[in-house]
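Descriptive structure summary
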Amino acid sequence: MTLTALLCLGLSVGQWTQVQAGTLPKPTIWAEPDSVILTGRPITIWCQGTLEAQEYRLDKEGSASPWDRQSPLETRDKAKFSISSMTWEYAGRYHCYYLSPSGLSEHSDPLELVMTGAYNKPSLSALPSPVVTSGGNVTLQCDSWWGSDRFILTKEGEHQPSWILDSQPELDGQSQALFTVGPMTPNHRWIFRCYGCNRNYPQVWSNPSDPVELMVPGPSGDPTSPPTEHNLMAGDSEDQLLHTESGATSGLTWYLKVLIGVLVAFVLLLSLLLLLFLLIRHRHQGKRKMSGAADPQPKDRGLQISSSPAADAQEETLYAAVKDTQPEEGVQLHHQAAISEAPQDVTYAQLNHLTLRREMTSPSSQSEEPPAEPSVYAALAIH
């Protein structure tokens, strides 16, 4: 009886120890939209267990346990842990487990949560060429200028990093890694990208490099995949996406070039018109100055004679005498107001025929008594 009791007690203790050690089925862990996420983007970590789960817990390596805990959703078999904005503090390795009436479950497989966009993108190239023979190998070279000491090479369609290598420092400060890929087969597409990181923060990556597609010639020698139904459907969809993206990019580039050309042409045309206007204005002002210097206003406007008909015969003689001689004591000047219709002031001079004859006749005739002569008025312009 005592032996039976001891056997029963040992069996129950063993079962309890197994429950405490985590003999319940381990849950499944994954991330949406992906475990490799760009900085600043939201991400959700899911943990799925059993219907008996009462609480789900999330552990992050290097942090206090549990890192977070959540109640099950309405389905009771899973819970979600939300991150509103991805930062480098959330990058790391995670495990989840759940609590049930029977105890704690086993830990899930690790989830590597990676943040990208921490550094500038490296460059990726295929050596010696992206065209590889079937069954052959190719070398992919990843270079970085910011001193990355570790590189990660990923293949499109695979969620886990394909290759991880420490960098080889160069003399010019550039770091690089050489990945050997192969053997190559022509049954699917080979598209690669590489990232750089610091080995002290292995889950904090740079921006991805530009993709490099390796082409493996098929039986016909063309660097294309064989025409299987699966490859045709996948290839067509990817080609359409690539063509659409390249077409949109080229269209935007063309539009920007045309817009810049139109703006430059408009600025040049406006500058030319302004220069032409200034040139015409300068020439017009020069012509006005030249015409003003070449055509001065006449010094006299002629003589306006108001006298008797006897003085008409002496008009030209009087005009010449007034123009060539200075007024003497016999010449009396009387300034009178100009008529309103005249464009400028006019001075009238009363000319004494006696004095004029003295200048025009010989000295022998000066003793004779001058006859009575009518007065002659001449209009003189004043400048």
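In the block above lies the structure referred to throughout.
In this report, the structure presented in the accompanying data block is examined. Sequence order sets the numbering: in each chain, residues are counted from 1 along the sequence as written. A pLDDT threshold of at least 70 governs which residues receive local features in this predicted model, and a stricter bar of 80 or more applies before side-chain atom pairs are shown or counted, although totals over entire chains, interfaces and linings include all residues. Side-chain measures here rest on the full set of heavy atoms in the structure, leaving out hydrogens and waters.

1. With respect to the overall build of the protein chain
Helix and strand counts for the protein chain stand at four helices and 21 strands. Residue contacts follow a heavy-atom distance rule, with two residues in contact if any of their heavy atoms lie within 4.5 Å. Across the protein chain, the fraction of contacts at a sequence separation of at least 24, relative to all contacts at a separation of at least 6, is 64%. What sets the accessible areas is the Shrake-Rupley method with a 1.4 Å probe; for residues, cover comes only from the shown protein chains. Carbon and sulfur atoms make up 57% of the accessible area of the protein chain, which amounts to about 25,300 Å² in all. For helices the rule is a DSSP run of H or I covering at least 4 residues; for strands it is a run of E covering at least 2, with both sets numbered from the N terminus onward.

2. A few points about the sheet that holds strand β10 (residues 123-127)
Ordered by their spatial adjacency, four strands build an open sheet running β10-β11-β15-β14, and the pairing between neighbours is antiparallel. The open sheet is flanked by β10 and β14 (168-169), the only strands paired with a single partner. Strand pairing is defined by DSSP finding a minimum of two bridges between the two strands. One ladder, built from seven bridges, connects strand β11 (residues 138-144) with strand β15 (residues 175-181); its direction is antiparallel. Among the inter-strand pairings, Leu-140 is bridged to a residue of β15, identified as Phe-179.

3. Some words on the nonpolar core
For our purposes a nonpolar core is just a set of buried Ala, Val, Leu, Ile, Met, Phe, Trp, Tyr and Cys residues, chained together by side-chain atoms within 4.5 Å. Partly exposed residues are those whose accessible area sits between 20% and 50% of the maximum for their type, while under 20% is buried and over 50% is exposed, using a 1.4 Å probe and protein chains only. In terms of nonpolar packing, the biggest core is built from 22 residues, with Ile-45 and Leu-113 touching the most fellow members. With sequence-adjacent residues up to four places away left out, Ile-45 is seen in contact with Ile-29, Trp-30, Ala-31, Leu-58, Ala-79, Lys-80, Phe-81, Ile-83, Tyr-94, Leu-111 and Leu-113.

4. Looking at the sheet that holds strand β3 (residues 43-48)
Sheet architecture is open: three strands sit in the order β1-β3-β6, paired in antiparallel fashion. Of all strands in the sheet, those with a lone pairing partner are β1 (28-32) and β6 (78-83), marking the two edges. Strand-to-strand twist of the sheet, defined as the mean angle between neighbouring strand axes without regard to direction, takes the value 20 degrees. As judged from the six bridges shared by β3 and β6, these two strands associate in the antiparallel manner. Considered in β6, the bridge of Ile-43 is made with Ile-83. Note on method: axes are straight lines fitted to C-alpha atoms, helices fitted across the in-contact stretch only, with angles between N-to-C directions ranging 0 to 180 degrees.

5. What about the environment of Val-181?
Within the element layout of this structure, Val-181 appears in strand β15. Once the C-alpha coordinates of Val-181 and Thr-139 are considered, the two residues, 42 residues apart in sequence, prove to be 6.2 Å apart. In this view, Val-181 contacts Gly-136, Asn-137, Val-138, Leu-140, Leu-153, Trp-163, Trp-190 and Phe-192; residues no more than four positions away in its chain are not counted.

6. Observations concerning the environment of Ser-125
In this fold, Ser-125 is placed in strand β10. Since its relative accessible area comes to 29%, Ser-125 is described here as partly exposed. Separated by 87 residues in the primary sequence, Ser-125 and Val-212 have C-alpha atoms spaced 6.8 Å apart. Beyond its immediate stretch of four places on either side in the chain, Ser-125 contacts Thr-139, Leu-140, Gln-141 and Val-212.

7. With respect to the pattern of salt bridges
By salt bridge we mean one thing: a side-chain nitrogen of Lys or Arg within 4 Å of a carboxyl oxygen of Asp or Glu. Applying the stated criterion to the full structure yields 10 salt bridges. Glu-55 is paired through a salt bridge with Arg-69; the nearest N and O atoms lie 3.6 Å apart. Taken as a pair, Glu-55 in strand β4 (residues 55-60) and Arg-69 in strand β5 (residues 68-70) lie far apart in primary sequence, 14 residues in all. The buried category is assigned to Glu-55, whose relative accessible area is 19%. Notably, a salt bridge pairs Asp-166 with Arg-150, separated by 3.1 Å at the nearest N-O pair.

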